[in-house]
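Inside the fold
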Amino acid sequence: HFDINAIVKLPPAQAGERQVTQNAWHSLCDQLRHMPKPTIAEVIGRSGGGGNEFCMNFDMRFGVEGLTYFCQMEVPLGLTPGGTG
């Protein structure tokens, strides 16, 4: 887990300073989002963090009522999820 205080200490980025590159994770998520057929995720249990971001790339997500929980820990902290969330 990352210390949020370390983020606060970082200097603000300047426009155009950051180069956007796509790693294997982002490529996999792009493939899911752009498949010609619908994609379906079945979730039983807790889906949080990277697993939840992975689930968000599917066209449909199904869970068991009372057993399935979706959560993204960055959101309550005011951060944008980094793994395509």
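Reference entry: report on the structure contained in this document. The shown structure was predicted, so the numbers you read here are calculated from the model rather than taken from an experiment. Residue positions within a chain follow its written sequence, with the count starting from 1. Under the rules for a predicted model, residues below a pLDDT of 70 receive no local features and side-chain atom pairs below 80 are neither given nor counted, while totals for whole chains, interfaces and linings still include all residues. The basis for the side-chain values is all heavy atoms of the structure; hydrogens and waters are excluded.

**Describing the overall build of the chain**
When its secondary structure is counted, the chain shows three helices and four strands. Secondary structure elements of the chain occur, N-terminal to C-terminal, as α-α-β-β-α-β-β. Contact criterion: two residues are considered in contact whenever any of their non-hydrogen atoms come within 4.5 Å of each other. A fraction of 43% describes how many contacts in the chain between residues 6 or more apart in sequence connect residues 24 or more apart. Here the Shrake-Rupley method, with its probe set to 1.4 Å, supplies the accessible areas, and only the displayed protein chains count as covering residues. As displayed, the chain offers around 6800 Å² of accessible surface, 59% of which is attributable to carbon and sulfur atoms. Segments assigned H or I by DSSP are reported as helices when at least four residues long, segments assigned E as strands when at least two residues long, and all are numbered from the N terminus.

**A closer look at the packing of aromatic side chains**
For any pair of aromatic rings, the description consists of the separation of the ring centres together with the inter-plane angle of the planes. Any pair of Phe, Tyr and Trp rings, taking the six-membered ring for Trp, is counted once the centres come within 6.5 Å. Such a pair is stacked with planes under 30 degrees apart, edge-to-face with planes over 60 apart, and tilted for the rest. According to the stated counting rule, one finds two aromatic pairs in the structure shown. For the pair W25 and F54, a centre-to-centre distance of 5.9 Å together with 40° between the ring planes defines the contact as tilted. Taken together, the residues W25 in helix α2 (residues 24–33) and F54 in helix α3 (residues 50–55) connect sequence positions 29 residues apart. Burial classification: accessible surface area is computed with a 1.4 Å probe over protein chains only, and a residue below 20% of its type maximum counts as buried, one above 50% as exposed, and the rest as partly exposed. A relative accessible area of 31% places W25 in the partly exposed class. Since its relative accessible area comes to 26%, F54 is described here as partly exposed. Judged by centre distance (5.3 Å) and plane angle (80°), the rings of F54 and F58 are edge-to-face. By relative accessible area, F58 is classed as buried at 14%. Each member of the aromatic cluster is reached from another via a ring pair, and the members are W25, F54 and F58.

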